[in-house]
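# Observations on chain architecture
Listed below are the residues making up each chain.
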Amino acid sequence: MDVTGDTTPRRGRGARERILAAAARLFAEQGISATGMEQVAGQAPVSKRTLYVHFRSRDELAIAYLQTLVASGETMESVLTRADLDPRERILHLFDQPVTDASAVRGCPFIDAAAEFPDPTHPIHAYAREQKLRMVRLVTDLVTELGCREPVALAEQLVTLADGAASRAMVLNQADYGRYARAAATTLLDQALA
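Residues numbered from 1 in each chain as written. Predicted model: local features only at pLDDT ≥ 70, side-chain atom pairs only at ≥ 80, totals over all residues. Heavy atoms only, no water.

### Topic: the packing of helix H4 (residues 58-72) against helix H7 (residues 123-146)
Just so we agree on the cut-off: Note on method: axes are straight lines fitted to C-alpha atoms, helices fitted across the in-contact stretch only, with angles between N-to-C directions ranging 0 to 180 degrees. Only DSSP runs of H or I with at least four residues qualify as helices, and only runs of E with at least two residues qualify as strands; both kinds are numbered from the N terminus onward. Roughly parallel means an angle under 35 degrees; roughly antiparallel, over 145; roughly perpendicular, 65 to 115; everything else is oblique. Left-handed is the label given to a crossing in which the near helix is rotated counterclockwise from the far helix by less than a right angle, and right-handed is the label when the rotation is clockwise. Contact criterion: two residues are considered in contact whenever any of their non-hydrogen atoms come within 4.5 Å of each other.
For the pair H4 and H7, interaxial distance at closest approach is 9 Å and the crossing angle is 15°. One element, H4, and the other, H7, form an angle in the roughly parallel class. In the crossing of H4 with H7, the sense of the turn from one axis to the other is right-handed. Contacts between H4 and H7 pair Asp 59, Ala 62, Ile 63, Leu 66, Gln 67 and Val 70 from the former with Pro 123, Ile 124, Tyr 127 and Gln 131 from the latter.

### With respect to helix H9 (residues 178-193)
What counts is decided by this rule: By this rule, a helix spans an expected 1.5 Å times one less than how many residues it contains. Each residue is placed in one exposure class: buried if its accessible area under a 1.4 Å probe, protein chains only, is under 20% of its type's maximum, exposed if it is over 50%, and partly exposed if it falls in between. In this description, one arc is meant: the one made by directions from the helix axis to the C-beta atoms.
With 16 residues, H9 extends 22 Å from end C-alpha to end C-alpha; this agrees with the ideal 22 Å at 1.5 Å per step. Buried within H9 are the following residues: Gly 178, Ala 181, Ala 185, Leu 189 and Ala 192. The buried residues of H9 all sit within an arc of 80° when viewed along its axis, so they share a single face. Looking at the packing, one finds that the buried side of H9 touches helix H5 (87-92), H7 and helix H8 (151-172).

### Some thoughts on the packing of H7 against H8
Definition in use: Here the term charged refers only to Asp, Glu, Lys and Arg, the term nonpolar to Ala, Val, Leu, Ile, Met, Phe, Trp, Tyr, Cys and Pro, and the term polar to all other amino acids, Gly among them.
Across the interface, H7 lies against H8 with an axial gap of 8 Å and an inter-helix angle of 125°. As far as their axial angle goes, H8 and H7 are oblique. Every pair of crossing elements has a handedness; the one defined by H7 and H8 is right-handed. Contacts between H7 and H8 involve Lys 132, Met 135, Val 136, Val 139, Thr 140, Val 143 and Thr 144 from the former and Pro 151, Val 152, Leu 154, Ala 155, Glu 156, Leu 158, Val 159, Ala 162 and Asp 163 from the latter. Of the residues contributing to the contact of H7 with H8, the split by class is 11 nonpolar, 2 polar and 3 charged.

### Side note on the packing of aromatic side chains
Quick note on the threshold: Planes of paired rings set the category: under 30 degrees apart is stacked, over 60 is edge-to-face and the rest tilted, where pairs are Phe, Tyr or Trp rings (Trp by its six-membered ring) whose centres lie within 6.5 Å.
Scanning the model with the defined rule gives 2 aromatic pairs in all. Ring geometry for Phe 27 and Tyr 65: centres 5.2 Å apart, planes at 70°, overall edge-to-face. In this pair, Phe 27 is assigned in helix H1 (residues 15-30) and Tyr 65 in helix H4, connecting sequence segments 38 residues apart.

### Some words on the confidence of the model for the protein chain
Filter applied, for reference: Every residue carries a pLDDT, the predictor's confidence in it, which falls somewhere between 0 and 100.
Looking at the protein chain as a whole, its pLDDT mean stands at 90, while 91% of the residues score no less than 70. Low pLDDT (under 50) marks residues 1-11, which in the prediction has 8 contacts with non-local residues, meaning those over four places away or in another chain.

### So, the side chain of Lys 132
Summarising the element assignment, Lys 132 is placed in helix H7. Lys 132 gets classed as buried once you look at its relative accessible area, which sits at 17%.

### Focus on the side chain of Thr 35
Our working rule: Pairs of N or O atoms are called polar contacts if they sit within 3.5 Å, as long as, within protein, a hydrogen donor faces a hydrogen acceptor (for residues adjacent in sequence, only side-chain-to-side-chain pairs).
Inspection of the secondary structure assignment puts Thr 35 in the loop between H1 and helix H2 (37-43). At a separation of 3.1 Å, a polar atom in the side chain of Thr 35 contacts the side chain of Gln 30. The residues touching Thr 35, leaving out its near neighbours within four places in the chain, are Leu 26, Phe 27, Gln 30, Val 40 and Arg 58.

### Things to note about a nonpolar patch on the surface
As a reminder, the rule being used: Note on patches: the residues involved have over 30% relative accessible area and no salt bridge, like charges join within 9 Å, and the nonpolar side chains Val, Leu, Ile, Met, Phe, Trp and Tyr join within 5 Å. In this description, accessible areas are obtained by the Shrake-Rupley approach with a 1.4 Å probe, and a residue is regarded as covered only by the protein chains that are shown. Salt-bridge detection follows one rule: a side-chain nitrogen of Lys or Arg within 4 Å of a carboxyl oxygen of Asp or Glu.
Judged by side-chain polarity, Met 170, Val 171 and Leu 172 come together as a nonpolar surface patch covering roughly 270 Å² of accessible area. Locating Val 171 in the fold gives a position in helix H8.

### Comments concerning the pattern of salt bridges
Going through the model one piece at a time under the given rule, you end up with 9 salt bridges. One salt bridge connects Lys 132 with Asp 163, and the closest N-O pair in it is separated by 2.6 Å. Here Asp 163 lies in helix H8 and Lys 132 lies in helix H7, a separation of 31 residues in the sequence. The salt bridge partner of Arg 179 is Asp 176, with a shortest N-O separation of 3.0 Å. A single network of salt bridges, built from pairs that share partners, joins Glu 77, Lys 132 and Asp 163.

Now the structure itself:
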């Protein structure tokens, strides 16, 4: 708020951050495909010219949004790199839905993005695939560190459980749905370590 009492968001400085914040809200609420650039500009608030100076297309904006999610640590995959947890706990925390202020459970934004852009050659789909492959590499490293037999197969099983739980949590709007997959993951880990 300025000295005049005006609470209207300022234009100018911070435009890129406001655009990304507006896009994040809109993409989470209604999806990438259903969100228009004019709508993002209005929510930011910035002129369409300013929006296109920062992002030449909705695809470019969507990828920047997904990259921002990765950098923020607000994805389920982010727990895999936490140094304060042992490898087993990192894996099991995959099944805890990230806490957000949204009224509805959103599931995995990378799965959502890939579903909206099913062509595997589309840049958004390709970025989502890259993140899912990164997730399995991180889990493979963790189960290898634990001394599990067949770490690649086990990692694929665990990430399949995590992605499935995130998808069902979204469909059922049940944030704690991951508890079922967590129980299965615990069994898989126990058997692999036996």
